[in-house]
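# Structure at a glance
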Amino acid sequence: LKCYCSAITACGKGSKWKQALRLVDAMHRDGPPPNEYCYNAAISACGKSGQWVRSKELLSTMRERGVPPDLISFNSAIDACGKGGRWDEGLKIFVDMVKASEEPWDPSMDHPKPPTPDATTYGAIITACSRGKQWQMALRFLEDMERKGVERTEGVFQATLAGCARVGKWRECIVTLDQMRKSGLQPRAAAYNSVITACGRGGEWQRAIAILQQMSSRGATPDVITLNAAMTACTQSRRWKQAKAILDFMRDPTSVPT
RNA sequence: AUUACUCUAGA
């Protein structure tokens, strides 16, 4: 059984979703019947190949075969939708998951307690929303985590920031970055990079540079991506001189720009 | 043995 699971995982890494499904079929035919590990590996394998429909089908298949989807099944399926560019399908799974977990349940029932969303679930749905430019929804999910008492990780903040950055929502980015710090996390370059990008897209090149200066004083080290984002912000606002200064700094870090 | 986790620009 473990060998099958490993093989299915390997198919996923090579984007061989058809192979992964063949393995699951072989198990249905000749045994051993797949357990949740195998189904989950297959859901993830299809997701990595952009086959979100297959991932959803597997979710139904496992239910029909008496293997109730667990937390990882849902998380993988939502991620699959996100990778396939279908935040709306991911949202459906999320909603179904929450509904199922709110059904009355007691230990005498034959199925295990349906899982509630965890930080990974939120990470998957927020990433899906961000990729689909659904920044408002990403922000709502971030709030929802707070309400439900799910720990907000660096990853979920970064995913939310990335979503807002994509559409130039710099105010929202700044607020979110602030929340991140308030919740005890130290934003690193990846987080600031999104904020700078958002400023650039919003035509706020001066703010972009202000944040670039701010991040160092807050203990985040700018990387190539940071400088590229800041340079692009200047370029988009036609501040060629400032862009050039950043470029020069990248080539020679001793030439400190003003 | 199975799941999210980023990020700039371009292609």
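Above this note sits the structure.
Here's a quick rundown of the structure.

Basis of the calculations
Residues numbered from 1 in each chain as written. Chains lettered and ligands numbered in written order. Predicted model: local features only at pLDDT ≥ 70, side-chain atom pairs only at ≥ 80, totals over all residues. Heavy atoms only, no water. Near = heavy atom within 4 Å. Polar contact = N/O pair within 3.5 Å; in protein donor to acceptor, adjacent residues only side chain to side chain. Helix = DSSP H or I, 4+ residues; strand = E, 2+ residues; numbered from the N terminus. Nonpolar A, V, L, I, M, F, W, Y, C, P; charged D, E, K, R; others polar. Buried < 20%, exposed > 50% of the residue type's maximum accessible area, 1.4 Å probe, protein only. Contact = heavy atoms within 4.5 Å. Core = buried A, V, L, I, M, F, W, Y, C linked by side-chain atoms within 4.5 Å. Disulfide = S-S within 2.5 Å. Phe/Tyr/Trp six-rings, centres within 6.5 Å; stacked < 30°, edge-to-face > 60°. Expected span 1.5 Å × (residues − 1). 1 Å grid on protein atoms, 1.4 Å probe; cavity = no way out; pocket = protein on both sides within 12 Å on 5 of 7 lines; lining within 4 Å. Points joined across faces, edges and corners; volume = space filled by probe spheres on them. Arc of directions from axis to C-beta.

### Brief notes about the protein's contact with RNA strand B
What surrounds RNA strand B is a group of 32 residues, the closest being Cys5, Asn40, Ala190, Arg201 and Ile225. Sugar and phosphate atoms form 51% of the subset of RNA strand B atoms that lie within 4 Å of the protein. Between RNA strand B and Asp79 there is a distance of 3.4 Å, counted from a sugar or linking oxygen to a side-chain nitrogen or oxygen. Residue Asn228 places a side-chain N or O atom 2.9 Å away from a base oxygen belonging to RNA strand B. Looking at the surface near RNA strand B, the elements that each hand over two or more residues are helix 1 (2-13), helix 3 (36-48), helix 5 (71-83), helix 7 (119-131), helix 9 (154-166), helix 11 (189-201) and helix 13 (224-236). In terms of residue class, the surface near RNA strand B is made up of 9 nonpolar, 17 polar and 6 charged.

### Topic: the side chain of Ser194
Within the element layout of this structure, Ser194 appears in helix 11. Note on Ser194: relative accessible area 12%, which makes it buried. Non-local contacts of Ser194, meaning those with residues more than four positions away in its chain, are made with Leu161, Ala162, Ala165 and Cys173.

### With respect to the nonpolar core
Counting residues in each nonpolar core, the largest one holds 74 residues, and the members touching the most others are Ile8, Ile126 and Ile196. Setting aside chain neighbours within four positions, we find Ile126 in contact with Ala138, Phe141, Leu142, Met145, Val156, Ala159 and Thr160.

### Section: the state of the cysteines
Following the criterion strictly, the structure yields 0 disulfides and no others. You can see Cys11 has no disulfide; the closest cysteine sulfur is in Cys46, sitting 9.7 Å from it. Just so you know, Cys173 is unpaired, no disulfide at all, and the nearest cysteine sulfur is the one on Cys164, 4.9 Å from it. Relative accessible area serves as the criterion here: at 0%, Cys173 is assigned to the buried category.

### As for the packing of aromatic side chains
Following the criterion strictly, the structure yields 3 aromatic pairs and no others. For the pair Phe94 and Tyr122, a centre-to-centre distance of 5.4 Å together with 70° between the ring planes defines the contact as edge-to-face. Linking Phe94 in helix 6 (residues 87-102) with Tyr122 in helix 7, this pair joins segments that are 28 residues apart in sequence. Each member of the pair, Phe94 together with Tyr122, is buried. With 4.9 Å between their ring centres and 70° between their planes, Phe94 and Phe141 make a pair best called edge-to-face. Taken together, the residues Phe94 in helix 6 and Phe141 in helix 8 (residues 135-148) connect sequence positions 47 residues apart. Residue classification places Phe141 among the buried residues on the basis of a relative accessible area of 8%.

### Examining helix 2 (residues 17-30)
Counted at 1.5 Å a residue, the expected span for helix 2 with its 14 residues is 20 Å, and the 20 Å between its end C-alpha atoms agrees. Buried within helix 2 are the following residues: Trp17, Ala20, Leu21, Leu23, Val24, Ala26 and Met27. At its buried positions, helix 2 is contacted by helix 1, helix 3 and helix 4 (52-64). Downstream of helix 2 by one or two residues, Gly31 has phi in the positive range, about 70°.

### Quick word on the layout of surface pockets
Quantified by volume, the largest pocket comes out at close to 330 Å³. At the level of secondary structure, the elements contributing two or more residues to the lining of the largest pocket comprise helix 12 (205-217) and helix 14 (240-251). Its residues placed into classes, the lining of the largest pocket shows 9 nonpolar, 4 polar and no charged. Considering only enclosed or pocket space, the second largest pocket measures out at about 280 Å³ in volume. Along the walls of the second largest pocket sit 15 residues, with Pro68, Pro69, Asp70, Pro112 and Pro114 positioned nearest its centre. In the lining of the second largest pocket, the residues fall into 8 nonpolar, 2 polar and 5 charged.

### Comments concerning helix 1
Between its terminal C-alpha atoms helix 1 stretches 17 Å, which fits the 16 Å expected from 12 residues at 1.5 Å a residue. Listed in full, the buried residues belonging to helix 1 are Cys5, Ile8, Cys11 and Gly12. Looking straight down helix 1, one finds that the buried residues subtend no more than 120° of arc, so they occupy a single side. Seen from the open side of helix 1, the exposed residues pointing more than 90 degrees away from its buried face are Lys2, Cys3 and Lys13.

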